[in-house]
Amino acid sequence: MSTTYDAIRSQAEARLAKNTEVKTAIIERLGLRVEPSAVSDNQPLFGRGLEMDSLDTLEIVVLINNAFSVLISDDDVAAFGSVNALIDFVEAREDQP
Amino acid sequence: MTRPGPAPAAAVPAARTYAYGPDDIARMLPHRPPMLMLDRAFDVVPGVSGHGVKCVTAGDPCLAGHYPGHPIMPGVLLVEAMAQLVAVVYVADAVEGPGPAPDGDPAEGVGYLGSIRDMKFSRLVIPGDRLLLEARLGPRLGTLRQVSVRATVDRETAAAGTLVVTSGRTTTPAPAGRPGGGVL
């Protein structure tokens, strides 16, 4: 049981680290005046969330492509829902052969 | 006994390239003097990349005031020249591509400049300089596309950076929560 617990804990920590890494990269690339810790993982990226616009979206496409070699296309706009949605999308694509 | 080497890689066919002179460019772009900043284009791979030339002369209208006695091409016009080359690469895709030719004036399909990023100006551009422009289209989303651009004079970089351009004249902002629309 402890192995399972440790594995789950390890997975959660890795995910948290990846979320923070991506949040930090987005904030730096877009020059946002906000600390990564102030952005929740489920906070909307658009509208009342981080108030990104369509030009920022393309910056995120480039950032994700450079960092994870994952391409976000027009059909994948749900990936921009939040940091969690973005990382879920990346991890799903990374798992594909 | 020697082992056979790997089979030679299949030759990748080179993409067809196009060259455009001033008359072609006048048909492809809506710009006109004094805002036409591209004399000719060559090695254009439609929708992918291209090269262009802009010859800077003492008669260029902008140089009369920028600056009197010390004429240098404004950096914003270097960006404009590179953006016009990008427009040619775009229009070439519509005109030369495998699909049906666009209805009406192809120049009407030229979009807008959305952003300028990491643009560095490394050299003054003065009358007599021959600007060699380069553009390579990058990732896209919706109507937006990122483009890497460079302008050189005698192989020396004058300006280089990244642009975001729109395809077509989209003016409607992307609604909240709908990324990838037009320029806001």
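Residues numbered from 1 in each chain as written. Chains lettered and ligands numbered in written order. Predicted model: local features only at pLDDT ≥ 70, side-chain atom pairs only at ≥ 80, totals over all residues.

**As for the overall build of chain A**
- Helix and strand content of chain A: 3 helices and 0 strands.
- For chain A, the sequential pattern of α-helices and β-strands runs α-α-α.
- Each principal axis of the C-alpha distribution contributes one length, and for chain A these read about 45 × 35 × 20 Å.
- For chain A, buried positions account for 24% of its 97 residues.
- When contacts within chain A are restricted to residue pairs at least 6 apart in sequence, long-range pairs at least 24 apart make up 52% of them. (Helix = DSSP H or I, 4+ residues; strand = E, 2+ residues; numbered from the N terminus. Buried ≥ 20, exposed ≤ 12 C-beta atoms within 10 Å, placed from the backbone. Contact = placed C-beta atoms within 7 Å.)

**Considering the pairing of strand 7 (residues 156-166) of chain B**
Residue and element names in this part refer to chain B.
- Direction of pairing for strand 4 (residues 113-121) relative to strand 7: antiparallel, over a ladder of 6 bridges. Bridge pairing in strand 7 links Arg117 to Thr162.
- In this structure, strand 6 (residues 144-153) lies alongside strand 7, joined through 10 bridges in antiparallel fashion. Bridged to Arg150 within strand 7 is Ala160.
- Between strand 6 and the antiparallel strand that follows it, strand 7, lie 2 residues; Asp154 among them carries a positive phi value of about 50 degrees. (Pairing = 2+ DSSP bridges.)

**Brief notes about the nonpolar core**
Residue and element names in this part refer to chain B.
- Of all hydrophobic cores here, the largest spans 57 residues; its most connected members are Leu78, Ala81, Met82, Leu85, Val86, Val88 and Val89.
- Per-element accounting of this core gives the leading share, 13 residues, to helix 3 (residues 75-96).
- Not counting the four nearest positions on each side in its chain, Leu78 is found in contact with Met73, Val125, Ala151, Ala158 and Ala159. (Core = buried A, V, L, I, M, F, W, Y, C linked by C-beta atoms within 7 Å.)

**Considering unusual backbone geometry**
- Going from Pro33(B) to Pro34(B), the amide bond is cis rather than trans, its omega being 5 degrees.
- Within the secondary structure layout, Pro34(B) lies in the loop between helix 1 (22-28) and strand 2 (40-45).
- In this structure, Ser69(A) takes a positive phi of about 55 degrees despite not being glycine.
- Along the polypeptide, Ser69(A) turns up in the loop between helix 2 (54-68) and helix 3 (83-95).
- One non-glycine residue, Asp118(B), lies in positive phi territory at about 50 degrees.
- Looking at Asp118(B), the number of C-beta atoms within 10 Å reads 8, which means it is exposed.

**Points about the environment of Arg130(B)**
All names here are of chain B.
- Residue position: Arg130 is located in strand 5 (residues 130-141).
- On the basis of neighbour count, Arg130 is assigned to the partly exposed category, with 13 C-beta atoms found within 10 Å.
- Leaving out residues up to four positions away in the same chain, Arg130 has contacts with Val53, Cys55 and Val153.

**Topic: the sheet that holds strand 7 of chain B**
- Strands sit in the order 1-2-3-5-6-7-4 (chain B) across an open sheet of 7 strands; the sheet is antiparallel. Of all the strands in the sheet, the pair left with one neighbour each is strand 1 (18-20) and strand 4 of chain B. Between one strand and the next, the sheet's axes are offset by a mean angle of 20 degrees, whatever the strand orientation.
- With respect to the sheet, helix 2 of chain A is in contact with strand 4, strand 5, strand 6 and strand 7 of chain B, its orientation differing from that of strand 5 of chain B by roughly 85 degrees. (Axes fitted to C-alpha atoms, helices over the stretch in contact; angles between N-to-C directions.)

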